[in-house]
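One letter stands for each residue in the lines below.
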Amino acid sequence: MQQVKAVVATAKGEPVSIATVNVPDPGPGEALVKILACGVCHTDLHYREGGISDDFPFLLGHEASGIVESVGPDVSDVAPGDFVILNWRAVCGECRACKRGEAQYCFATHNAKQQMTLGDGTALSPALGIGAFAEKTLVAAGQCTKVDPSARPAAAGLLGCGVMAGLGAAINTGGATRGRSVAVIGCGGVGVAAVAGAVLAGSSPVIAVDIDARKLAAARAAGAMHTIDSSAGDPVEQIKQICAETYPGAEGADIVVEAVGRPETWKQGFYARDLAGTLVLVGVPTPDLTLPELPLIDVFGRGGALKSSWYGDCLPSRDFPMLIDLYQRGRLDLDAFVTEEIALDQVEEAFDRMHDGTVLRSVVVL
Ligand code: APR
Ligand code: ZN
Ligand code: ZN
């Protein structure tokens, strides 16, 4: 066992604080990871507000990269010294999705069995099974994906959650590819990543929609070919027009990614689709929200698919090394998502800045 510093959310709505926590040696199938960087995600804030679970105290942080320090018995995929990106969905290999060869739809969690504890022995719940706002954390070996060690840790870690969710929503869930138009509604970290994913996949046109001009500038930097400020009004007609300029007769975008997580933007996305188009919901809605009322005949009459994207339908072992390779070759600008590097004791301030419109991601660097 070792003692390390970690960010702990002790009670609902209380500011987070730094505590010294006990980390057990890795057991069978587990890995101890020295954290190098960890992004601050909305989900961390949701945990600390008690919106996801009442299982306080929590260890927060789940968008991380680090170096494997040691592994327990029965671990063969990673070894001490490996540079890894952590994921919050180690696939189980046993559920129906895994057995069908579609592990991206595995909903079984396969996290570390042992728990980190406070000095008095209180068990800590690692949010999303990670707890990487810490000098070191204990995870299941399947939560570690080895990637090129020369990648910048702060940029690499972002693939562990928000950026992967956006890239994957466009590419894996939406099926963005050449010859298809993509519109992204909501251009925070997740939406800008969806724009980058659509561009990477060769889609055109790629249209970005937001109510904040600064977000539209970030989307343009990520390769968006058109931007629409929807604070001025409903963007649907403009999306249709832009798509029809490229593909005469098109009645909207082939793929719309909704990265806000609200009924009104989901509805915009629904009607901004071309006939037989796909709408992908990737913004995480709060539990009180419901689908907007729509004539069922519109759902039927327009055809296509209404999907949600869970973790960008990613397969870490397939997607992380590939995306790091594209990053290293200058084809995917992960650095653009790192707005600021902060210290471990600045997570609470990063939560404050999350909604001021200037930050795509604050990243704790250790
Ligand atoms: N129309 C278009 N864009 C909107 C609208 C709207 N009505 N309302 C908000 N937005 C934009 C914001 O201006 C912001 O750029 O949506 C974006 C949301 O981005 P972030 O708050 O940075 O969130 P992000 O990390 O990208 O996550 C996307 O998933 O987890 C949830 O709470 C999170 O709702 C957020 C979503
Ligand atoms: Zn499974
Ligand atoms: Zn997250």
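Residues numbered from 1 in each chain as written. Chains lettered and ligands numbered in written order. Predicted model: local features only at pLDDT ≥ 70, side-chain atom pairs only at ≥ 80, totals over all residues. Heavy atoms only, no water.

1. Focus: the packing of helix H4 (residues 162–173) against helix H10 (residues 316–328)
(1) Moving on: Viewed as axis vectors pointing N to C, H4 and H10 meet at an angle of 105 degrees, and their least axial separation amounts to 12 Å. Considered as vectors, H4 and H10 are oriented roughly perpendicular to each other. Between H4 and H10, the residues in contact are Met164, Leu167 and Asn172 and Arg318, Asp319, Phe320 and Leu323, respectively.
(2) Moving on: When grouped by side-chain class, the residues that make up the contact of H4 with H10 number 4 nonpolar, 1 polar and 2 charged. (Axes fitted to C-alpha atoms, helices over the stretch in contact; angles between N-to-C directions. Helix = DSSP H or I, 4+ residues; strand = E, 2+ residues; numbered from the N terminus. Parallel < 35°, antiparallel > 145°, perpendicular 65-115°, else oblique. Contact = heavy atoms within 4.5 Å. Nonpolar A, V, L, I, M, F, W, Y, C, P; charged D, E, K, R; others polar.)

2. A closer look at the domain arrangement of the protein chain
(1) Moving on: Per the domain assignment, the segments of the protein chain are domain 1 (2–160 + 333–365) and domain 2 (166–310).
(2) Moving on: Placing the centre of domain 1 and that of domain 2 at their C-alpha centroids yields a distance of 29 Å.
(3) Moving on: Listed by partner, the interface residues are 9 residues for domain 1 and 11 residues for domain 2.
(4) Moving on: Interface of domain 1 and domain 2: buried area, both sides summed, is about 900 Å²; carbon and sulfur atoms make up 69% of it.
(5) Moving on: Across the contact surface, domain 1 and domain 2 share 0 salt bridges.
(6) Moving on: Between domain 1 and domain 2 we count 1 residue pair in polar contact (both at pLDDT 80 or more) in total.
(7) Moving on: Its residues assigned to classes, the side of domain 1 that touches domain 2 comprises 5 nonpolar, 2 polar and 2 charged. (Domains from an automatic or database assignment. Buried area = accessible area lost by both parts, 1.4 Å probe. Salt bridge = Lys/Arg side-chain N within 4 Å of Asp/Glu carboxyl O. Polar contact = N/O pair within 3.5 Å; in protein donor to acceptor, adjacent residues only side chain to side chain.)

3. Digging into the coordination of the zinc ion (ligand 2)
Put simply, a metal with four donors set out as a tetrahedron has ideal angles of 109.5 degrees, and one with six donors set out as an octahedron has ideal angles of 90 or 180 degrees.
(1) Moving on: For the zinc ion (ligand 2), the full set of protein donor atoms is Cys92 (SG), Cys95 (SG), Cys98 (SG) and Cys106 (SG), at a range of 2.3 to 2.4 Å.
(2) Moving on: Bound by 4 donor atoms, the zinc ion (ligand 2) shows angles of 106 to 116 degrees at the metal and therefore tetrahedral coordination geometry.
(3) Moving on: Judged by relative accessible area, cysteine 106 falls into the buried class, the value being 0%. (Donors = N, O, S within 2.8 Å, 3.2 Å for Na, K, Ca; no water. Tetrahedral: all angles 85-135°; square planar, octahedral: opposite > 155°, others 65-115°. Buried < 20%, exposed > 50% of the residue type's maximum accessible area, 1.4 Å probe, protein only.)

4. Observations regarding the nonpolar core
(1) Moving on: Within the largest apolar cluster, 87 residues are counted, with the highest numbers of intra-cluster contacts made by Leu60, Leu86, Phe133, Leu159, Val257 and Ile324.
(2) Moving on: Of all the elements, helix H5 (residues 189–200) adds the most residues to this core, at 7 residues.
(3) Moving on: In this structure, isoleucine 324 is in contact with Ile85, Val147, Asp148, Ala151, Ala156, Leu159 and Leu334, ignoring residues within four places of it in sequence.
(4) Moving on: Judged by nonpolar contacts, the second largest core, of 17 residues, contains Val209, Val256, Trp266 and Phe270. (Core = buried A, V, L, I, M, F, W, Y, C linked by side-chain atoms within 4.5 Å.)

5. Re the sheet that holds strand E13 (residues 226–229)
(1) Moving on: Read across the open sheet, the 6 strands follow the order E13-E12-E11-E14-E15-E16; overall the sheet is parallel. The open sheet is flanked by E13 and strand E16 (305–308), the only strands paired with a single partner. For this sheet, the mean angle separating the axes of adjacent strands, direction not counted, is 20 degrees.
(2) Moving on: As defined by bridge partners, strand E12 (residues 206–210) adjoins E13 across 4 bridges and the pair is classed as parallel. Residue pairing across strands places alanine 208 opposite threonine 227, the latter belonging to E13.
(3) Moving on: Relative to E12, helix H6 (residues 213–221) is tilted by about 160 degrees, and along the sheet it contacts E12 and E13.
(4) Moving on: Lying over the sheet, helix H8 (residues 263–272) contacts strand E11 (182–185), strand E14 (253–258), strand E15 (273–281) and E16, oriented at roughly 150 degrees with respect to E15. (Pairing = 2+ DSSP bridges.)

6. Quick notes on the packing of aromatic side chains
(1) Moving on: As enumerated under the stated definition, the model contains 7 aromatic pairs in all.
(2) Moving on: Between tryptophan 88 and tyrosine 311, the ring centres sit 3.8 Å apart and the planes meet at 5 degrees, which makes this aromatic pair stacked. Of the two residues, tryptophan 88 is situated in the loop between strand E6 (83–86) and helix H2 (96–99) and tyrosine 311 in the loop between E16 and H10; the sequence distance between them amounts to 223 residues. We note that tryptophan 88, like tyrosine 311, is buried.
(3) Moving on: Summarising the aromatic geometry, the rings of tryptophan 266 and phenylalanine 270 are spaced 6.0 Å apart at their centres and angled 25 degrees between planes, so their arrangement reads as stacked. Of this pair, tryptophan 266 and phenylalanine 270 both sit in helix H8, 4 residues apart, roughly one helical turn.
(4) Moving on: Exposure remark for tryptophan 266: the relative accessible area of 8% places this residue in the buried category.
(5) Moving on: Among the aromatic residues, ring-to-ring pairing joins Trp88, Phe107, Trp310 and Tyr311 into one connected group. (Phe/Tyr/Trp six-rings, centres within 6.5 Å; stacked < 30°, edge-to-face > 60°.)

7. Comments concerning the site of ligand 1
(1) Moving on: The full set close to ligand 1 counts 17 residues, and Gly189, Val190, Asp210, Val260 and Val284 are the nearest of them.
(2) Moving on: At a separation of 3.3 Å, an oxygen atom of ligand 1 approaches a polar side-chain atom of lysine 215. (Near = heavy atom within 4 Å.)

8. Re the layout of surface pockets
Rolled over the atoms, a probe with the dimensions of a water molecule shows which regions are left empty.
(1) Moving on: The computed volume of the second largest pocket comes to approximately 320 Å³.
(2) Moving on: Together, 16 residues line the second largest pocket, and Asp77, Val91, Gly142, Cys144 and Ser317 are the ones closest to its centre.
(3) Moving on: Residue contributions to the lining of the second largest pocket peak at 3 residues, all from strand E10 (residues 144–146). (1 Å grid on protein atoms, 1.4 Å probe; cavity = no way out; pocket = protein on both sides within 12 Å on 5 of 7 lines; lining within 4 Å. Points joined across faces, edges and corners; volume = space filled by probe spheres on them.)

9. Concerning the coordination of the zinc ion (ligand 3)
(1) Moving on: Every protein donor of the zinc ion (ligand 3) is listed here as Cys41 (SG), His62 (NE2) and Cys161 (SG), and their distances to the metal cover 2.0 to 2.2 Å.
(2) Moving on: Positions of the donor residues of the zinc ion (ligand 3) along the chain correspond to the pattern C-x20-H-x98-C. Taken together, the positions of cysteine 41 in the loop between strand E3 (30–39) and helix H1 (42–48) and cysteine 161 in the loop between helix H3 (153–157) and H4 put the pair 120 residues apart, joining distant regions of the chain.
(3) Moving on: Relative accessible area serves as the criterion here: at 8%, cysteine 161 is assigned to the buried category.

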